[in-house]
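Understanding the architecture of this molecule
The chain contents come next:
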Amino acid sequence: MSDPQNILEAKAIAKSFLGNVALDNVDFSLRRGEIHALLGENGAGKSTLIKILTGVYSRDSGTIRLDGEDVSPANVGEAQVLGIGTVYQEVNLLENLTVAENLFLGRQPRRFGLTDRREMRRRSRDLLARYGLDIDVDALLSTYSVAIRQIIAIARAVDLSGKVLVLDEPTASLDAQEVEVLFSVLRKLKADGLGIILITHFLNQVYAVADRVTVLRNGRLVGSRDIDGLPRMELISMMLGRELQHVTRDHQASEGDVPTGEAAIHFNDYGKRGSISPFDLAIRPGEVVGIAGLLGSGRSETAFLLFGIDRADSGTATVDGSEISLTSPEAAIANGFGFCPEERKSDGIIGDFSVAENIALALQARQGWAKPIPSRQRQALAAEFIRSLDIRPADPDRPIKFLSGGNQQKAILARWLATNPRLLILDEPTRGIDIGAHAEILKMIEKLCTEGMSLVVISSELEELTAIAHRVIVLSDRKHIAELSGADVTADNIMHAIAAPNRTEAA
Amino acid sequence: MIHSRNLPFVTTLAIFIIAYALCAIQFPAMLSTRVIGNLLVDNAFLGIAAVGMTFVILSGGIDLSIGSVIAFTSVFVAVTVGTLGLHPLTAFALVLVISTAFGSAMGAMIRYLQIPPFVVTLAGMFLARGAAYLISTQSVPISHPFLDTIQGFYFRFPGGGRLTAMSMLMIAVFIIGGIIAARTRFGANVYALGGNPQSAELMGVPVGRTTIGIYATSGFLSGLAGIAYTLYTSSGYSLATVGVELDAIAAVVIGGTLLTGGTGLIAGTFIGILIQGLIQTYIVFDGTLSSWWTKIVIGILLFVFIVLQRGIIWYSNRRIDIARLKGV
């Protein structure tokens, strides 16, 4: 039966969307006066679970008990009234209102039916004083930093709900000092007996502030453990879903064909404040460089910098010894770079364009819009890649949105291959595609690098990286922390590198 | 210190005062209470409608149906009173119920069918105009002792100016609208929706109820503006007040309300109306200028204000960035 220590107990929660199981029989419990970290990679079901607890989604089955009572919040407002408050990462408060208006929106103190602004100001000041904030509550929220807004959001949520506080990646855009301020607020709330659920990607932060951790993977509960006495290694293997033993290395590159030539593309001290710390990276022709790390470790940010989507604010990039400036994707393409983004549907394909048009896009972009590619040439190009990459159905005129994920991915690859790039960056190239296409894409990556192309592959599938990469860069907390090459490229070593506590980061 | 969010309003007020001073230097008669009284009465119906439009724009929406609803109201009142012999008060009550219901229905469509306000109210604009034609395509004059009483009611200023019932109604609407916007939960919710609808919803703002309430308010005030217009012209005509919604939008924007929503004041719209009226009055006084100069000046002012608003947003963002870099 229910443990009186638990303020919140969710049992056997299940939820599916259009037949896709998002949560499968997940149990979760939260004690009074506890900070409970909820971890998992993308698609693990963290946000679905949170949205069920906070009334955004309704569950398919299972029970939620709050303070021993069965509850089923139908919307955010109801969850708030029950005592469950949420602070989201970005969409949070209203920048166009004052601090006081934000704190009391929907529950303004009234006199004679009208908002009592003076009372609202007074109570706002009192409320924020408890968090050590002494600011002008009549100023617009937009005049304050993200860290202060975060504390205001917490103050509002706690004042409103008072039993359970859910924080969805609260530290994503804070610097180390701001994180420390936030954590001292959380510790104080914990001492007041509040139950706090913290979603974060930063393991250091989990160890710094959390008491317990629950890990989800692929919609299933992996386990709930006390942080004390839980080795990092074990936590990471819970998240990535790998046993530490029996890791065999099936690496073709270990058989002696590691490219040893002179690196042609260099990034020196390349970085962007608040996105990824400066790193050095040299890529040889015909080399596959893998990038590994947990979600939020700076994987995609690295790709964005390499491809000019984000501008570096430090360091230099050189190709063949001459310095280049990657100020935009256009500049990157002009230098022979290509990029297949992680969010294929939103960032990669243009759904209503035909396969042929999608393939011709990058080539067209490089030629400039003034010189359209003749449709005959486009069709020939499409026919060639449809044959060589085995894109199915083999119809160049079909809108690409009707193709399967794997075939869409091949078409995007074809788009870049048509420009004959010297460096191709692939962000999660095999996510969401079936096993057959998965193997084909890996095979193609190998083939491309034997032809002398350089590739940077970002993946959360460790097997994938160990199978194709000659070198693996390991990222953690937005830093390049380790580099493994040759025979050292094993899933075990990657996990050990991720687990190594990052001593330079305070939080 | 002036808060940057009130800067557009303060600018509008300053422009109005300077412009009025310049006009008064050239034509001292423009200071007379008669001119002021006429300025108010000539723009009463526009002002009433513009209050509704301010709520809509503050919430990040738009209402294109206003002019058509005014025309519908005037024809409806003229026909029911003149031809069917209803008492004007009954006709007023009926038409306000209809226009409010019409606005609510548009709000419900915007919210529950997730159709952009521009599209829904464009359809509403055609629908209301069509309904007005259906009732009568002729200009229908009305006269009724009760209406004469209202039209004959006014306060006399020293100097001969008149504060008519219509002007008083407009001023009352502005005052009540201002209180609702600034001092009620509904008003705060309107600003919240205009700031960021997702955040507002997550903060527990009843989005559906508020959206419907906003368009119902706009519908109600369009109906009220239609009644004021009927009294002003003593007739109903289905071809009248074409494009009044655009004049209302202009008054709102010149009054310092951000077209993207979330920032602005009802009082600003009042100044916006006065500025439009002042330009018209100046043209009348001058006597040689084409009345199209009103549109040209309004156009220039709109450009100035949109650029000003952009500038303020840019400036305040920059200030935050700088503050952040300094680690404040």
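As the structure is a computational prediction, the values presented were derived from the model and not from experiment.

**Details of the overall build of chain A**
A tally of regular secondary structure across chain A gives 17 helices and 22 strands. Computed over C-alpha atoms, the radius of gyration of chain A comes to 25 Å, within 12% of the 23 Å expected from 2.2 N^0.38 for 507 residues, which places it in the range of a compact globule. Each principal axis of the C-alpha atoms in chain A carries an extent, and together these give about 75 × 55 × 45 Å. Burial analysis of chain A (507 residues in total) assigns 55% to the buried set. Sequence separation of 24 or more characterises 67% of the internal contacts of chain A that already satisfy a separation of 6 or more. As displayed, chain A has an accessible area near 21400 Å², and 48% of this comes from carbon and sulfur atoms. Looking at chain A, you have 56 positive and 68 negative side-chain charges, and the mean spots of the two groups are 5 Å apart.

**Brief notes about unusual backbone geometry**
Residues and elements named next belong to chain A. One non-glycine residue, Glu169, lies in the positive phi region at around 45°. Positioned with a positive phi, Asp269 is a non-glycine residue whose angle comes to about 55°. You can see Asp269 is positioned in strand 13 (residues 265–272). The exposure class assigned to Asp269 is partly exposed, which follows from its relative accessible area of 44%.

**Some thoughts on the side chain of Asp168 of chain A**
Residues and elements named next belong to chain A. Mapped onto the elements of the fold, Asp168 is located in strand 9 (residues 164–168). For the buried Asp168, no salt bridge is present, and the opposite-charge side chain at shortest range is Lys51, 6.8 Å distant. Apart from the residues within four sequence positions on either side, Asp168 is in contact with Val87, Tyr88, Gln89 and Ile199.

**Some points on the packing of helix 3 (residues 44–58) of chain B against helix 8 (residues 165–183) of chain B**
Residues and elements named next belong to chain B. Interhelical geometry of helix 3 versus helix 8 gives an angle of 15° and a closest axis separation of 8 Å. With respect to each other, helix 3 and helix 8 are oriented roughly parallel. Here helix 3 and helix 8 pass one another in a crossing that is left-handed. Residue-level contacts link Ala44, Gly47, Ile48, Val51 and Phe55 of helix 3 to Met166, Ser167, Leu169, Met170, Val173, Phe174, Gly177, Ile180 and Ala181 of helix 8. Looking at the contact of helix 3 with helix 8 residue by residue, the class counts come to eleven nonpolar, three polar and no charged.

**Here we look at the interface of chain B and chain A**
Every contact between the two is made by 26 residues of chain B and, on the other side, 34 residues of chain A. Together, the buried faces of chain B and chain A total about 2500 Å²; carbon and sulfur atoms form 54% of this surface. Sorting the residues of chain B by area buried against chain A places Arg185, Leu202 and Met203 of chain B first, and these three jointly supply 32% of that buried surface. Across the contact surface, chain B and chain A share zero salt bridges. Counting across the interface, chain B meets chain A through six residue pairs in polar contact (both at pLDDT 80 or more). Breaking the side of chain B that touches chain A down by element, the ones donating at least two residues are helix 8, helix 9 (185–195), helix 10 (197–202) and helix 14 (292–325) of chain B. No other element matches the seven residues that helix 9 of chain B contributes to the side of chain B that touches chain A.

**Quick notes on the sheet that holds strand 17 (residues 322–324) of chain A**
Sheet strands pair by backbone hydrogen bonding; their relative direction is either parallel or antiparallel. All names here are of chain A. If you walk across this open sheet you meet the four strands as 14-13-16-17, and the pairing is antiparallel. At either margin of the open sheet sits one strand with a lone partner, and together these are strand 14 (276–283) and strand 17. Strand after strand, the sheet turns through a mean of 25° between neighbouring axes, direction not considered. When strand 13 meets strand 14, the two strands line up antiparallel, connected through five bridges. What sits directly across from Lys272, in strand 14, is Ile276. Lying over the sheet, helix 9 (residues 299–306) contacts strand 13 and strand 14, oriented at roughly 65° with respect to strand 14.

**Side note on the pattern of salt bridges**
All names here are of chain A. Under the counting rule described, the total for this entry stands at 27 salt bridges over all chains. Asp159 is paired through a salt bridge with Arg107; the nearest N and O atoms lie 3.0 Å apart. With Asp159 in helix 5 (residues 146–160) and Arg107 in the loop between helix 3 (99–104) and strand 7 (110–111), the pair connects residues that are 52 residues apart, well separated along the chain.

**A look at the side chain of Ser74 of chain B**
In this fold, Ser74 of chain B is placed in helix 4 (residues 66–83). With sequence-adjacent residues up to four places away left out, Ser74 of chain B is seen in contact with Gly226, Tyr229, Thr230, Ser235, Gly236 and Tyr237 of chain B.

**Focus on the confidence of the model for chain A**
Residues and elements named next belong to chain A. Averaged over every residue, the pLDDT of chain A is 83; residues scoring 70 or more account for 92%. Counting contacts from residues 244–256, a segment whose pLDDT is below 50, to residues more than four positions away or on other chains yields 27 contacts. Taken as a whole, residues 503–507 scores under 50 in pLDDT and shows eight contacts with residues more than four places along the chain or in a different chain.

**Quick notes on the packing of aromatic side chains**
Scanning the model with the defined rule gives 15 aromatic pairs over all chains in all. Centre to centre, the rings of Phe174 of chain B and Phe270 of chain B are 4.9 Å apart; their planes meet at 70°, and the pair counts as edge-to-face. Taken together, the positions of Phe174 of chain B in helix 8 and Phe270 of chain B in helix 13 (residues 266–286) put the pair 96 residues apart, joining distant regions of the chain. In this structure Phe174 of chain B comes out as buried when scored by relative accessible area, which is 7%. Ring pairs connect the aromatic residues Phe267, Tyr270, Phe279 and Phe337 of chain A, which therefore count as one cluster.

**Description of the environment of Pro206 of chain B**
Residue and element names in this part refer to chain B. On the secondary structure map, Pro206 appears in the loop between helix 10 and helix 11 (207–233). Among the residues examined, Pro206 registers a relative accessible area of 26% and is labelled partly exposed. Expressed as a C-alpha distance, the spacing of Pro206 and Gln151, which sit 55 residues apart in the sequence, is 41 Å.

**What to know about a nonpolar patch on the surface**
Residues and elements named next belong to chain B. A contiguous nonpolar surface patch, about 430 Å² in accessible area, is contributed by Leu289, Trp293, Ile296, Ile300 and Val304. Residue position: Leu289 is located in the loop between helix 13 and helix 14. Leu289 sits in the partly exposed class, given a relative accessible area of 32%.

**Observations concerning helix 1 (residues 46–53) of chain A**
All names here are of chain A. Within helix 1, six of the eight residues are buried, which leaves it mostly tucked inside the rest of the structure. Among all positions of helix 1, only Lys46, Thr48, Leu49, Ile50, Ile52 and Leu53 are buried. Backbone geometry just downstream of helix 1 places Gly55 in the positive-phi region, at approximately 85°.

**A few points about the nonpolar core**
Counting residues in each nonpolar core, the largest one holds 230 residues, and the members touching the most others are Ile152, Ile154, Leu165, Leu189, Phe267 and Phe337 of chain A. If one sorts the elements of this core by residue count, helix 3 of chain B sits on top with twelve residues. The residues contacting Phe337 of chain A, other than those within four sequence positions of it, are Ile265, Phe267, Leu306, Phe307, Val319, Ile324, Leu326, Ala332, Trp416, Pro421 and Leu423 of chain A.

**Re helix 8 of chain B**
With 19 residues, helix 8 of chain B extends 26 Å from end C-alpha to end C-alpha; this agrees with the ideal 27 Å at 1.5 Å per step. Every buried residue belonging to helix 8 of chain B is among Ala165, Met166, Ser167, Met170, Val173, Phe174, Gly177 and Ala181 of chain B, and all of these are buried.

**Remarks on the confidence of the model for chain B**
As a note on interpretation, predicted positions should not be read in detail where pLDDT is low. In this model, chain B carries an average pLDDT of 89, and 95% of its residues clear a pLDDT of 70 or more. Scored by ipTM, the complex comes to 0.84, with pTM at 0.75.

**A closer look at the packing of helix 2 (residues 33–42) of chain B against helix 13 of chain B**
All names here are of chain B. Axis separation between helix 2 and helix 13 bottoms out at 9 Å; the angle between their running directions is 120°. Compared by their axis directions, helix 2 and helix 13 come out oblique. Along this stretch, helix 2 crosses helix 13, giving a crossing that reads as right-handed. When helix 2 is examined against helix 13, the residues Val35, Leu39 and Leu40 are found in contact with a partner set consisting of Phe270, Leu274, Gly277, Leu278, Thr281 and Phe285.

**Things to note about the pairing of strand 15 (residues 288–293) of chain A**
Residues and elements named next belong to chain A. Most of strand 15 sits inside the fold, with six of its six residues counted as buried. Here strand 15 shows no split at all, with Val288, Gly290 and Ala292 on one side and Val289, Ile291 and Gly293 on the other all buried. Strand direction decides the pairing type here: strand 15 and strand 21 (residues 471–476), joined by five bridges, are parallel. Paired with Gly290 across the two strands is Val472, which belongs to strand 21.

Criteria and thresholds
- The numbering scheme is per chain: residues are counted from 1 as the chain's sequence reads.
- Chains carry letters and ligands carry numbers; both start at the beginning, A for chains and 1 for ligands, and go up in the order they are written.
- The model is predicted, so local features are restricted to residues of pLDDT at least 70 and side-chain atom pairs to those at 80 or more, both for listing and for counting; the totals for chains, interfaces and linings are taken over all residues.
- Derived side-chain values reflect all non-hydrogen atoms in the structure, with water molecules and hydrogen atoms excluded from consideration.
- Where helices and strands are cited, they refer to DSSP runs of H or I of at least four residues and of E of at least two residues respectively, numbered from the N terminus.
- The atom set for the radius of gyration is the C-alpha atoms, and the globule formula is 2.2 Å times the number of residues raised to the power 0.38.
- Only protein chains enter the calculation, and the probe is 1.4 Å; a residue is then buried if its accessible area is under 20% of its type maximum, exposed if over 50%, and partly exposed in between.
- It only takes one pair of heavy atoms within 4.5 Å for two residues to be counted as in contact.
- For the area figures, the Shrake-Rupley method with a 1.4 Å probe applies, and any residue is considered shielded solely by the protein chains shown.
- This count recognises Lys and Arg as positive and Asp and Glu as negative, with His and chain-terminal groups excluded.
- Note on charges: their place is set at NZ of Lys, CZ of Arg, CG of Asp or CD of Glu.
- Any Lys or Arg side-chain nitrogen found within 4 Å of a carboxyl oxygen on Asp or Glu counts as a salt bridge.
- The convention used is that axes are lines fitted to C-alpha atoms, helices contributing only their stretch in contact, and that angles between N-to-C directions extend from 0 to 180 degrees.
- Orientation labels follow simple angle bins: below 35 degrees gives roughly parallel, above 145 gives roughly antiparallel, 65 to 115 gives roughly perpendicular, and whatever is left gives oblique.
- Here a crossing is called left-handed whenever its near helix is offset anticlockwise from the far helix by less than a right angle, and right-handed whenever the offset is clockwise.
- Side-chain classes are defined by residue name, with Ala, Val, Leu, Ile, Met, Phe, Trp, Tyr, Cys and Pro counting as nonpolar, Asp, Glu, Lys and Arg as charged, and the others, Gly among them, as polar.
- Computed with a 1.4 Å rolling probe, the buried area is the accessible surface lost when two parts are put together, summed over both parts.
- The term polar contact refers here to a pair of N or O atoms within 3.5 Å; inside protein, the definition further demands a hydrogen-donor-capable atom paired with an acceptor-capable atom, and it admits residues adjacent in sequence only when both atoms are side-chain atoms.
- Whether two strands pair depends on DSSP finding at least two bridges between them.
- Residue-level confidence of the predictor is what pLDDT reports, using numbers from 0 through 100.
- Pairing of aromatic rings covers Phe, Tyr and Trp, the last counted by its six-membered ring, and requires centre-to-centre distances within 6.5 Å; plane angles under 30 degrees mean stacked, over 60 mean edge-to-face, and any other angle means tilted.
- A patch consists of residues exposed above 30% relative accessible area that lack any salt bridge, with like charges linked at up to 9 Å and nonpolar side chains (Val, Leu, Ile, Met, Phe, Trp, Tyr) linked at up to 5 Å.
- Note on terminology: a nonpolar core comprises buried Ala, Val, Leu, Ile, Met, Phe, Trp, Tyr and Cys residues joined through side-chain atoms within 4.5 Å.
- Here the expected span of a helix is defined as 1.5 Å times the quantity of residues minus one.

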